[in-house]
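# Architecture at a glance
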Amino acid sequence: MIIYLLTIYPLVTKGINWPAVYFSDILHLDWRSQFNSDFLIHLFLLATWISWREGFTVKGFIFGFLSIFMGGMFGFPYLLYATYKAKGEPKEILLGVHGNKA
């Protein structure tokens with residue numbers, strides 16, 4: 001819930017032009033640029049894993065896209081649902097559609 005509130009507040013007070021703020025921070029080459037770069041790499045890795053886990057289907061690419069542009073607002077519920085659907089089995093959570101092939 002906190003992640004949603006921390007997203008809504010800046011949208012209301014600063015506007016929706018987050019890419020300008022995000023990428024200008026990266027260009028400053030300071031601690032914010034380090035954090036934003038690290039976070040961007042994390043988002044791309046998570047999106048790649050989600051897309052692969054879903055079998056590189058249209059659904060997987062849409063989920064990967066959402067995980068990049070929504071971050072934790074998509075990623076956390078996705079992981080929670082995946083854990084529920086896999087009944088907590090780590091192999092099924094990590095492998096997704098690839099876990100059924102063994």
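Read on for a plain summary of the structure. Each chain carries its own residue numbering, running from 1 in the direction its sequence is written. With the structure being a predicted model, the display of local features is reserved for residues of pLDDT at least 70 and the display and counting of side-chain atom pairs for 80 or more, all residues being used for whole-chain, interface and lining totals. Note that water and hydrogens are dropped before the side-chain values are worked out from all heavy atoms of the structure.

### Concerning the overall build of the protein
The condition is simple: By the criteria applied, helices consist of DSSP H or I runs no shorter than four residues and strands consist of E runs no shorter than two, each listed in order from the N terminus. As a reference, a globule follows 2.2 Å times the number of residues to the power 0.38, and the radius of gyration itself is taken over C-alpha atoms. Relative accessibility under 20% of the residue-type maximum defines a buried residue, over 50% an exposed one, and the middle range a partly exposed one, all with a 1.4 Å probe and only protein chains included. Residue contacts follow a heavy-atom distance rule, with two residues in contact if any of their heavy atoms lie within 4.5 Å. For every accessible area listed, the method is Shrake-Rupley and the probe measures 1.4 Å; residues are considered covered only by the protein chains on display. As used throughout, the charge tally considers Lys and Arg to be positive and Asp and Glu to be negative, leaving His and the chain termini uncounted. For the purpose of locating charges, the reference atoms are NZ of Lys, CZ of Arg, CG of Asp and CD of Glu.
Check the secondary structure of the protein and you find six helices and zero strands. Listed by position from the N terminus, the elements making up the protein come as α-α-α-α-α-α. The C-alpha radius of gyration computed for the protein amounts to 16 Å, which surpasses the reference 13 Å derived for 102 residues by more than 25%, pointing to a less compact arrangement than a globule. Oriented by its inertia axes, the alpha-carbon framework of the protein measures out at about 50 × 25 × 25 Å. Expressed as a percentage of its 102 residues, the buried residues of the protein come to 25%. In the protein, once contacts between residues fewer than 6 apart in sequence are set aside, the share between residues at least 24 apart is 49%. Surface summary for the protein: the accessible area is close to 7,700 Å², and the carbon and sulfur share equals 74%. Put simply, the protein has 8 plus and 6 minus side-chain charges, and the middle of one group is 9 Å from the middle of the other.

### Let's talk about the side chain of Glu 54
Test applied: We call two N or O atoms a polar contact when they sit within 3.5 Å, provided that within protein one can donate a hydrogen and the other can accept it, with sequence-adjacent residues counted only if both atoms are side-chain atoms.
Examined against the element boundaries, Glu 54 turns out to sit in the loop between helix 3 (31-53) and helix 4 (58-70). Residue Glu 54 is classed as buried on the basis of its relative accessible area, which comes to 11%. Polar contacts involving the side chain of Glu 54 include one to the side chain of Tyr 78, which spans 2.6 Å. Glu 54 has contacts with Lys 59, Gly 60, Phe 63, Tyr 78 and Val 97, leaving out every residue within four places of it along the chain.

### Brief notes about the side chain of Ser 33
One can find Ser 33 in helix 3. For Ser 33, a relative accessible area of 6% translates into the label buried. Only 3.4 Å separates the side chain of Ser 33 from the backbone nitrogen of Leu 29, close enough to count as a polar contact. Setting aside chain neighbours within four positions, we find Ser 33 in contact with Asp 25, Ile 26 and His 28.

### A few points about the pattern of salt bridges
The cut-off we apply is this: We define a salt bridge as a side-chain nitrogen of Lys or Arg found within 4 Å of a carboxyl oxygen belonging to Asp or Glu.
Taken as a whole, this structure holds three salt bridges when the rule is applied. One salt bridge connects Arg 53 with Glu 54, and the closest N-O pair in it is separated by 3.5 Å. Each member of the pair Arg 53 and Glu 54 is classed as buried. Linking Lys 59 and Glu 54 is a salt bridge whose minimum nitrogen-to-oxygen distance equals 3.5 Å. Salt bridges linked by common partners bring Arg 53, Glu 54 and Lys 59 together as one network.

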